[in-house]
Amino acid sequence: MESSRAARRNHRARSSRRRPLPYIALAAVAVVGVTAGGTVYVKAHAHSGVVSSAAAPSTSASASGSREATVEPVTQPTVDYDALLAKAMKSVTPTGDQKVSVAVLDLTSGESATYGGTAFDTASIVKVDILATLLLQAQDAGRQLTATEKSYATTMIENSDNDSASALWRIIGKAGGLDAANKTLGLSGTTGGDDMLWGLTQTTAADQLTLLQQVFGDDSKLSSASQSYIQGLMKQIEADQQWGVSAAADGSKWALKNGWLARSTTGLWDVNSIGRVTGEDGDTYLVAVLSKGSTTQTKGISLIEAAAKAGVAAFGKNGGSSTTASASASASASASASD
């Protein structure tokens, strides 16, 4: 009896081991997409079904899996905006002793570029820096500007009044105060003029772009109230001074400060312009254009306006954005070809 029962138990055990597993999970892997940077990412879906343990993957499934596994990442080309700006500036033709430098930041995309690194006299564009210094000092002291300081600031920016600038230059501590504030604001290539010669402060287009970021950008050492105050004044420039970077704006969508100075040593003109403009493409730009060596103020204005237009155009529909679009289209086409 025991032998017969043992035989039946052994038979049942062998039969149980021969039964196929009722469910096996299959992971179907598919390439979902390609990131902007060109990285391929995958997603797995688990499916359940009754499958024999002896079933082998089909040839078509293997081929598909192999094809998807070998998709190569597509690297989107990097746009060289400095090169685009340099190309755009070929349309600007300085004459004689004229020299020009441009720096542009597209606030919409965050891209920036600089053309030329020479130091220039600021002339009256330093008045924005003087006011930023005054406001920064007032913030540190925990005080508001006095009525007299506000009066000076208004005429200094809106009318480019030199006496008001000289008064505030003294209040901030002349070059020493300006240089200390600029260190906080991130300007590394600007040096205040000697004694009362604030108009001969030396700066670069790149530094002026940094100053504009402090006035108009989100990440600023200036409080939002201080930024709004300067911006408001730069939108109210008197009519005969509404030139410069505004030439690159769509209508009246600008805020600026200009500077012009005939050098007594050479008789040649420094003509500069800094500010924020909204271009015809709808993007908002910070633009700094510095020049020197013009025989007349009018020729200097023509030069910097041409440079401002070229600088903004380098980022517009005929400049960087079209290159970016082409790169994106190329990446999409490559990704589709691998699907």
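Being a predicted model, the structure only gives us computed values, none of them experimental.

### Side note on the nonpolar core
In step 1: Ranked by internal contacts, the top residues of the largest apolar core, which has 74 residues, are Ile-130, Leu-131, Ile-230, Met-234, Val-287 and Val-289.
In step 2: It is helix H4 (residues 126–141) that contributes the most residues to this core, 9 residues altogether.
In step 3: Not counting the four nearest positions on each side in its chain, Leu-131 is found in contact with Ala-153, Met-156, Ile-157, Tyr-229, Ile-230 and Leu-233.

### Section: the packing of aromatic side chains
In step 1: Enumeration according to the criterion identifies 3 aromatic pairs in this entry.
In step 2: Taking 4.9 Å as the distance between ring centres and 10° as the angle between the ring planes, the aromatic pair formed by Tyr-81 and Phe-315 counts as stacked. Of this pair, Tyr-81 sits in helix H3 (residues 81–88) while Phe-315 sits in the loop between helix H10 (297–313) and helix H11 (320–337), and the two are 234 residues apart along the sequence. Taken as a pair, Tyr-81 and Phe-315 share a single burial class, namely buried.
In step 3: Look at Tyr-285 and Phe-315: their rings are 6.2 Å apart centre to centre, the planes differ by 65°, and that puts the pair in the edge-to-face class. Taken as a pair, Tyr-285 in strand S9 (residues 284–292) and Phe-315 in the loop between H10 and H11 lie far apart in primary sequence, 30 residues in all. Taken as a pair, Tyr-285 and Phe-315 share a single burial class, namely buried.
In step 4: Chaining the aromatic ring pairs together yields one cluster made of Tyr-81, Tyr-285 and Phe-315.
In step 5: It is Lys-292 that lies over the ring of Phe-120; its NZ or CZ is 5.1 Å from the centre.

### Quick word on the environment of Ile-274
In step 1: Within the element layout of this structure, Ile-274 appears in strand S8 (residues 269–278).
In step 2: With 149 residues separating them in the primary sequence, Ile-274 and Ile-125 have C-alpha atoms 7.0 Å apart.
In step 3: Leaving out residues up to four positions away in the same chain, Ile-274 has contacts with Ile-125, Val-128, Gln-208, Leu-212, Met-234, Val-245, Ala-255, Leu-256, Lys-257, Val-287 and Ala-288.

### As for the sheet that holds strand S7 (residues 254–262)
In step 1: Read across the sheet, 5 strands follow the order S4-S3-S9-S8-S7 without closing on themselves; strand pairing throughout is antiparallel. The strands lining the two open edges of the sheet, one partner per strand, are strand S4 (112–115) and S7. Each strand of the sheet is rotated relative to its neighbour by a mean of 5°, with strand direction disregarded.
In step 2: Sheet topology places strand S3 (residues 99–106) next to S4; 4 bridges connect them, and they run antiparallel. Residue Val-104 lies in a different strand from S4, and its bridge partner there is Ala-113.
In step 3: This element, H3, spans S3 and S4 of the sheet and lies at about 50° to S4.

### A closer look at the packing of helix H6 (residues 162–172) against helix H7 (residues 174–185)
In step 1: Two elements in contact, H6 and H7, have axes whose closest approach is 6 Å; the angle formed by their N-to-C orientations is 70°. The orientation of H6 with respect to H7, classified from their angle, is roughly perpendicular. Facing Trp-169, Arg-170 and Ile-172 of H6, the residues of H7 in contact are Lys-174, Ala-175, Gly-177 and Leu-178.
In step 2: Here the residues of the contact of H6 with H7 sort into 4 nonpolar, 1 polar and 2 charged.

### Regarding helix H9 (residues 224–234)
In step 1: Every buried residue of H9 is accounted for by Ser-226, Gln-227, Ile-230, Gln-231, Leu-233 and Met-234. For H9, the angular spread of buried residues about the axis comes to 165°, placing them on one side. Turned more than 90 degrees off the buried face of H9, the exposed positions are Ser-224 and Ala-225.
In step 2: Those residues of H9 hidden inside the fold are in contact with H4, helix H5 (147–158), helix H8 (205–216), S7 and S8.

### Regarding the confidence of the model for the chain
In step 1: Residues of the chain with pLDDT of at least 70 account for 71%, and the chain-wide mean is 81.
In step 2: Contacts of residues 1–69 to residues separated by more than four positions or lying in other chains number 55 contacts, the stretch itself having pLDDT below 50.
In step 3: In the predicted structure, residues 320–339 sits below a pLDDT of 50 and forms 24 contacts with residues beyond four places in sequence or in another chain.

### Side note on the pairing of S9
In step 1: Judged by how many residues are buried, S9 sits mostly within the fold: 7 of 9 residues are covered.
In step 2: Examined bridge by bridge, S3 and S9 share 8 bridges and lie antiparallel to one another. The partner of Val-100 across the bridge, within S9, is Ser-291.
In step 3: Across 6 bridges, the pairing between S8 and S9 is antiparallel. Opposite Gly-275, over in S9, you have Val-287 as the bridge partner.

### A closer look at the side chain of Asp-207
In step 1: Residue position: Asp-207 is located in helix H8.
In step 2: Of the buried charged residues, Asp-207 lacks a salt bridge, with Lys-183 as the closest side chain of opposite charge at 13 Å.
In step 3: Here the side chain of Asp-207 touches Thr-190 through a polar contact of 2.7 Å, side chain to side chain.
In step 4: Every residue in contact with Asp-207, bar those within four places of it in the chain, is listed here: Leu-187, Ser-188, Gly-189 and Thr-190.

### Concerning the pattern of salt bridges
In step 1: A complete count under the given rule lists 4 salt bridges for this structure.
In step 2: With its nearest N and O atoms 2.8 Å apart, the salt bridge here joins Lys-174 to Asp-195. Within this pair, whereas Lys-174 is found in helix H7, its partner Asp-195 is found in the loop between H7 and strand S6 (202–203), the two being separated by 21 residues in sequence.
In step 3: For Asp-195, a relative accessible area of 52% corresponds to the exposed category.

Cut-offs and rules
Residues numbered from 1 in each chain as written. Predicted model: local features only at pLDDT ≥ 70, side-chain atom pairs only at ≥ 80, totals over all residues. Heavy atoms only, no water. Core = buried A, V, L, I, M, F, W, Y, C linked by side-chain atoms within 4.5 Å. Buried < 20%, exposed > 50% of the residue type's maximum accessible area, 1.4 Å probe, protein only. Helix = DSSP H or I, 4+ residues; strand = E, 2+ residues; numbered from the N terminus. Contact = heavy atoms within 4.5 Å. Phe/Tyr/Trp six-rings, centres within 6.5 Å; stacked < 30°, edge-to-face > 60°. Lys NZ or Arg CZ within 6 Å of the ring centre and 35° of its normal. Pairing = 2+ DSSP bridges. Axes fitted to C-alpha atoms, helices over the stretch in contact; angles between N-to-C directions. Parallel < 35°, antiparallel > 145°, perpendicular 65-115°, else oblique. Nonpolar A, V, L, I, M, F, W, Y, C, P; charged D, E, K, R; others polar. Arc of directions from axis to C-beta. pLDDT = per-residue confidence, 0-100. Lys, Arg positive; Asp, Glu negative; His and termini not counted. Salt bridge = Lys/Arg side-chain N within 4 Å of Asp/Glu carboxyl O. Polar contact = N/O pair within 3.5 Å; in protein donor to acceptor, adjacent residues only side chain to side chain.

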